[in-house]
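If you want the building blocks of each chain, they are given just below.
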Amino acid sequence: MDISFLGGPRPQRGVGVVAPFDFALDRELWRWVPDEVSLHLTRTPFVPVEVSLDLARLVSEHETLREAVRALCAVAPEVVAYACTSGSFVGGVAGERAMCAAMTQAGELPSLTTSGALLDALAALGARRIALVTPYTESVTSSLEEYLAQAGTAVTGRAFLGLTRHIWKVPYRDVVDMARQAVVGAADCLFISCTNLPTYDVIPQLEAELRMPVLSANQVTMWAALRRIGAHAVGPYQRLLIEEAQRARPPAPEQSQKRQQQQEG
């Protein structure tokens, strides 16, 4: 059968993703990605350390990130994202910026991290006080609080699981239970940390129940990466994505005309 009329696959735009060696949620990342964008993932080398501050530092060494970005450059992505929350907040705000600089230098293309994407998402929502959910130990959770404090964000309540392994196996019901525990103060939004913690399907449920925006590590990473290339993350009933779509939508003709008249007046 002659199929030459199909003309080949649709052109794709590329987003490079550097993930820790134990990352298990590739499919979840894809759920935020529109059809015209492809993800290209690579992983950091294995190290025999459980989830901890030590592991966060090891997987985020600048040379490790540089090598990963160089590998991704073979498929010419337009942007690179380091999909690791703890690895990108463990050095504080200055450390996160240094990681982005190292990756940008290695690949000569825009680079971002999950923790940096979180700050961008909070700014987009105008959120300064957040409830915090993590699967981490107390020490790793406290390190995230310190990072947020450096960025001017207050944590009004928190809940954590104390896990050091197999985080991707945590069921949604445990995430929901932690969220309910964490939202105890006057928070502007909820953040669910860790790119290895499943969150996609639970975000709409929590937003409806808690009546506030809910952010997650994978969500803000994909939102920020796609935003860098002028694309938009997809996902039902997620406040961050809805507000982004509304900002991108051109005004109706009558609104545009009224705005022009106001400017001329």
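Residues numbered from 1 in each chain as written. Predicted model: local features only at pLDDT ≥ 70, side-chain atom pairs only at ≥ 80, totals over all residues. Heavy atoms only, no water.

**Q** What should I look at first to understand the overall build of the protein in this one?
**A** Counting its secondary structure elements, the protein contains 12 helices and eight strands. Taken over the C-alpha trace, the protein has a radius of gyration of 19 Å; the compact-globule value for 265 residues is 18 Å, and the two agree within 12%. Across its three principal axes, the protein shows a C-alpha extent of roughly 55 × 50 × 40 Å. The contacts in the protein between residues at least 6 apart in sequence include a share of 74% that link residues at least 24 apart. For the protein, the exposed area adds up to about 12,600 Å²; of that, 50% sits on carbon and sulfur atoms. With 24 positive and 28 negative side-chain charges, the protein shows a spacing of 4 Å between the two charge centroids. (Helix = DSSP H or I, 4+ residues; strand = E, 2+ residues; numbered from the N terminus. Rg over C-alpha atoms; globule rule 2.2 N^0.38 Å. Contact = heavy atoms within 4.5 Å. Areas by Shrake-Rupley, 256 points an atom, 1.4 Å probe, with all protein chains shown as cover. Lys, Arg positive; Asp, Glu negative; His and termini not counted. Charge placed at Lys NZ, Arg CZ, Asp CG, Glu CD.)

**Q** Before we go on, may I ask you to explain the nonpolar core in this structure?
**A** The nonpolar side chains of a soluble globular protein tend to be buried, and buried together. Core analysis: the biggest nonpolar cluster contains 82 residues, and V15, L122, L190, I192, L206 and L215 have the highest contact counts within it. Considering every element that reaches this core, the biggest residue donor is helix 10 (residues 217-228), with seven residues. Not counting chain neighbours up to four residues away, the residues in contact with L215 comprise L118, A121, L122, L125, C189, L190, F191, I192, V220 and L240. (Core = buried A, V, L, I, M, F, W, Y, C linked by side-chain atoms within 4.5 Å. Buried < 20%, exposed > 50% of the residue type's maximum accessible area, 1.4 Å probe, protein only.)

**Q** How should I be thinking about the sheet that holds strand 8 (residues 214-216) in this particular structure?
**A** Hydrogen bonds between backbone groups are what pair the strands of a sheet, and the pairing can be parallel or antiparallel. One open sheet holds the four strands; their spatial order is 6-5-7-8, and the pairing between them is parallel. Where the open sheet ends on each side, the last strands, each with one partner, are strand 6 (154-160) and strand 8. Strand-to-strand twist in this sheet, taken as the mean axis angle between neighbours without regard to direction, amounts to 20°. In the sheet, strand 5 (residues 129-134) pairs with strand 6 via six bridges, with the strands oriented parallel. Across the sheet, the residue bridging to A131 is G157, located in strand 6. (Pairing = 2+ DSSP bridges. Axes fitted to C-alpha atoms, helices over the stretch in contact; angles between N-to-C directions.)

**Q** Sorry if this is basic, but what is going on with the packing of helix 10 against helix 11 (residues 239-248) here?
**A** For any two helices packed against each other, the geometry comes down to the angle between their axes and how far apart the axes lie. The geometry of helix 10 relative to helix 11 is characterised by a closest axis approach of 11 Å and an angle of 20° between their N-to-C directions. Between helix 10 and helix 11, the angle is such that the two are roughly parallel. Between helix 10 and helix 11 the crossing geometry is right-handed. Taking contact as the criterion, the partners of Q219, V220, W223 and R227 in helix 10 are, on helix 11, L240, L241 and E244. A class-by-class count of the residues in the contact of helix 10 with helix 11 yields four nonpolar, one polar and two charged. (Parallel < 35°, antiparallel > 145°, perpendicular 65-115°, else oblique. Left-handed = near helix turned anticlockwise from the far one by under 90°. Nonpolar A, V, L, I, M, F, W, Y, C, P; charged D, E, K, R; others polar.)

**Q** How do you make sense of the sheet that holds strand 1 (residues 13-19) when you look at a structure like this?
**A** Taken together, the four strands give an open sheet; going across it, the order is 2-1-3-4, and neighbouring strands pair in parallel fashion. Each having just a single partner strand, strand 2 (37-43) and strand 4 (111-113) make up the two edges of the open sheet. Across this sheet, the average inter-strand angle for adjacent strands is 25°, counted without regard to direction. Looking at chain direction, strand 3 (residues 79-82) and strand 4 are connected through three bridges and run parallel. Within strand 4, the residue paired with A81 across the bridge is L112. Sheet strands in contact with helix 5 (residues 92-107) are strand 3 and strand 4, and its direction is about 145° off that of strand 4. Its contacts with the sheet put helix 10 on strand 1, strand 2, strand 3 and strand 4, and the angle it makes with strand 4 is roughly 165°.

**Q** Help me understand the packing of aromatic side chains, please; the structure alone is not making it clear to me.
**A** The description of an aromatic ring pair rests on the distance of the ring centres and on the angle between the ring planes. The tally for this structure, following the rule as stated, stands at four aromatic pairs. Ring geometry for W32 against Y200: centres 4.8 Å apart, planes inclined by 70°, an arrangement best described as edge-to-face. Note that W32 is positioned in the loop between helix 1 (26-31) and strand 2 and Y200 in the loop between strand 7 (189-192) and helix 9 (202-210), a separation of 168 residues in sequence. Neither residue differs from the other here; W32 and Y200 are each classed as buried. Summarising the aromatic geometry, the rings of F89 and Y147 are spaced 6.5 Å apart at their centres and angled 40° between planes, so their arrangement reads as tilted. (Phe/Tyr/Trp six-rings, centres within 6.5 Å; stacked < 30°, edge-to-face > 60°.)

**Q** Please clarify how helix 3 (residues 62-72) should be interpreted in this entry.
**A** Because each turn of an α-helix spans 3.6 residues, side chains separated by three or four positions in sequence point in the same direction. Within the span of helix 3, buried status applies to T64, L65, A68, V69 and L72. The buried residues of helix 3 occupy one face: seen down the axis, they fall within an arc of 130°. On its buried face, helix 3 is in contact with strand 1, strand 2, helix 2 (53-58), strand 3 and helix 5. (Arc of directions from axis to C-beta.)

**Q** What should I look at first to understand the pattern of salt bridges in this one?
**A** Where side chains of opposite charge bring their charged atoms close, a pairing between them can arise. Scanning all chains against the criterion turns up 13 salt bridges. Between E138 and R158 there is a salt bridge, and its shortest N-O distance comes to 3.2 Å. Linking E138 in helix 7 (residues 138-150) with R158 in strand 6, this pair joins segments that are 20 residues apart in sequence. Residue class for E138 comes out partly exposed when judged on its relative accessible area of 46%. Note that D177 is salt-bridged to R180, the shortest N-O span being 3.8 Å. Highlighted residues: D177 and R180, both in helix 8 (residues 172-182), separated by three residues, approximately one helical turn. A relative accessible area of 37% places D177 in the partly exposed class. Owing to a relative accessible area of 43%, R180 belongs among the partly exposed residues under this scheme. (Salt bridge = Lys/Arg side-chain N within 4 Å of Asp/Glu carboxyl O.)

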